[in-house]
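Examining the three-dimensional arrangement
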Amino acid sequence: MNFQPKASHFVNGAYIEDANGAPISCVFPANGEEIARLHSATPEIVELAVKSARAAQTQWTKHTGTERGRVLRRAADLIRARNHDLSWLETHDTGKPLQETICADATSGADALEYFGGLAASLTGEHIPLGEDWAYTKRVPLGVCAGIGAWNYPTQIACWKGAPALACGNAMVFKPSEFTPLSALKIAEILIEAGAPAGLFNVIQGYGDVGAALAQHPDIDKVSLTGSAATGAKVYASAAAGMKHVTMELGGKSPLIVFDDASLEDAVGGALLGNFYSTGQVCSNGTRVFVQSGIKDRFLERLIERTSKIIIGDPRDEETQMGPMVSARQLEIVEGYIAKGKAEGATLAYGGALIDRDGFFVQPVIFSDVHDDMTIAREEIFGPVMSILEFETEDEVIARANDTELGLAAGVFTSDLTRAHRVIDRLDAGTCFINSYNDAPVEIPFGGMKKSGVGRENSKAAIEHYSQLKTVFVRMTPVEAPY
Ligand code: NAD
């Protein structure tokens, strides 16, 4: 298996290498085999990428929104036409089953390019009449944006950041996660093919130090990070020193609340999707499943029944529904949490064993009898570990659901419509679901409250985070100075 790109970085419209950078070994998580070997960006590569982006941005902003949008929409079409190849690559880069990558990765990247491509021409300001005088506002780009990605949705993250940035007239330097460096390079290639100027969307590889170099760089105007809350705090602080704009898409420990009157199949389906999709490596997962006492036994029984049928295996096989964890390190973290769950007294209701095959596989896990103060109920695990917590009343569950520093997502399953809205209204979370879980179409804002983040991705809301307003006051009457 060889997925070696022409070189590690894509800067100023072409692949470039600097072998002095620290090595990055890219591994297929389903068998541990190395599929590519890259180098982390040296300071020279970082400089070149930022300089190319600045030069391209100066040109790009002179194009009309319609022209910019056309490039993005062409890129979306190219991605759709190559979906199978891109999904095949993504599956090797991340270990996620082809069944998922075929419908949730490159395609959602294409959705973002299409959506923001469509919006690009409508980014206008306002005319504000002031008697005989008047003012107008212009929506102008921020300049050069840095995108820093996590490893769970590499293509999607590159597009969710790149599409609104470019639509608003910015350029981008994107650094993928060191665990999944390959697919963003393909997006950079495709954008060039779609007509983007060289340097508009650059991809440089690297570990945290390269991300930090971008966040601190004086010629970067905005930093958009998808990563853990701990990394977010560091990146936010260094961006603040340079008064840079930020978008922070960070971790979660989200509640999914199932009331007695919920449709059992829908609630179980929501909990499965919201915990085991992408082998549990989804930031918005509803990992604290609060189940009302009247439905708890039936819920758990059906949950275990459906979990036991999940097909785990080679992610390249389209029958496979669950692949390995992304890395040996992530598997180790998950194993640590499973051990903590058992040691702190939660009941292991299903799974948790390692699977006897090469690669970073673990069975999905369901813990029941979980209490709010247990480590598995407090910390983000980022693996297929679901906690079931029992509750009695609406007020009680809302207080418990909100008792966390994080606030990315929340879900409610109930057939009582007024209760659904009442409960959602009181939950401190940025992205909420009623009788569903983890839907993320590009048309709706996505992002977190509290320590889960700052800003929103997707939808018209993202425009606010990739552009700024310039206000122009126009006096038509004489200036009356009192001096
Ligand atoms: P991570 O925080 O370890 O790394 C994220 C990115 O930041 C990587 O590219 C990494 O190289 C870089 N980085 C690390 N240290 C840095 C520093 N000091 N300065 C600048 N960049 C630095 O996260 P991860 O393990 O790649 O991903 C998992 C985390 O991401 C989870 O917490 C998950 O919830 C979160 N996540 C959030 C969203 C969202 O949209 N809210 C989506 C996916 C993942």
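In the block above lies the structure referred to throughout.
What comes next concerns the included structure. Computed from a predicted structure; not experimentally measured.

Parameters at a glance
- For every chain, the first residue of the written sequence is number 1, and numbering continues from 1 onward in sequence order.
- The predicted origin of the model limits local features to residues at a pLDDT of at least 70 and limits the giving and counting of side-chain atom pairs to 80 or more, whereas totals for whole chains, interfaces and linings rest on all residues.
- Each side-chain value is derived from all of the structure's non-hydrogen atoms; neither hydrogens nor water enter the calculation.
- Two strands pair under a simple rule: DSSP has to find at least two bridges between them.
- Under the scheme used here, helices are H or I runs from DSSP no shorter than 4 residues and strands are E runs no shorter than 2 residues, and both carry numbers assigned from the N terminus.
- To obtain an axis, a line is fitted to C-alpha atoms, over the contacting stretch when the element is a helix, and the angle between two such axes runs from 0 to 180 degrees between their N-to-C directions.
- The nearness test applies per residue and asks whether one of its heavy atoms lies within 4 Å of the molecule or strand.
- N or O atoms within 3.5 Å of each other form a polar contact, as long as, within protein, one can give a hydrogen and the other can take it, and as long as residues adjacent in sequence are counted only when both atoms are side-chain atoms.
- Accessible areas in this description were obtained via Shrake-Rupley with a 1.4 Å probe; residue shielding takes into account the shown protein chains only.
- With a 1 Å grid laid over protein atoms only, a set of points is called a cavity when a 1.4 Å probe fits there but cannot get out and a pocket when it is open yet has protein on both sides within 12 Å along at least five of seven lines; lining residues have an atom within 4 Å of a point.
- The rule for placing a molecule in a cavity or pocket is simple: more than half of its atoms must lie within 2 Å of the grid points.
- Classification used: nonpolar for Ala, Val, Leu, Ile, Met, Phe, Trp, Tyr, Cys and Pro, charged for Asp, Glu, Lys and Arg, polar for all others including Gly.
- Grid points are joined across faces, edges and corners, and a volume is the space filled by probe spheres set on the points.

Attention now goes to the sheet that holds strand β22 (residues 467–474). If you trace the 3 strands from one edge of the open sheet to the other, you get β5-β6-β22, paired in antiparallel fashion. This sheet does not close on itself; its edge strands, each paired only once, are β5 (127–130) and β22. Each strand of the sheet is rotated relative to its neighbour by a mean of 20°, with strand direction disregarded. Bridge count for strand β6 (residues 133–141) against β22 is 8 bridges, and the pairing is antiparallel. Residue pairing for β22: W134 is matched across the bridge by V474.

The next point concerns the site of the ligand. Within the structure, the ligand sits among 29 residues, and G149, E178, T231, L250 and E380 are positioned closest to it. Within the side chain of S228, a nitrogen or oxygen atom sits 2.8 Å from an oxygen atom of the ligand. At a separation of 2.8 Å, a nitrogen atom of the ligand approaches a polar backbone atom of L250. In isolation the ligand exposes 840 Å². Once the protein is present, 88% of that is buried. Of the pockets mapped on this structure, the ligand occupies the largest pocket. Contributions of two or more residues to the shell around the ligand are made by α8 (208–216), β10 (222–226) and α9 (229–241). Class assignment of the residues belonging to the shell around the ligand gives a composition of 13 nonpolar, 10 polar and 6 charged.

Our focus in this paragraph is the layout of surface pockets. Quantified by volume, the largest pocket comes out at close to 890 Å³. In terms of lining, the largest pocket is formed by 38 residues, of which the most central are W151, G227, S228, T231 and R329. If you list the elements that add at least two residues to the lining of the largest pocket, you get α8, β10, α9 and α12 (328–343). Of the residues contributing to the lining of the largest pocket, the split by class is 18 nonpolar, 13 polar and 7 charged. Roughly 570 Å³ of volume is contained in the second largest pocket. At the level of elements, α4 (98–104), α5 (106–119) and α6 (154–167) are the ones that each hand at least two residues to the lining of the second largest pocket. With 3 residues, the single largest contributor to the lining of the second largest pocket is α6. Classifying every residue of the lining of the second largest pocket by side-chain character gives 16 nonpolar, 6 polar and 4 charged.

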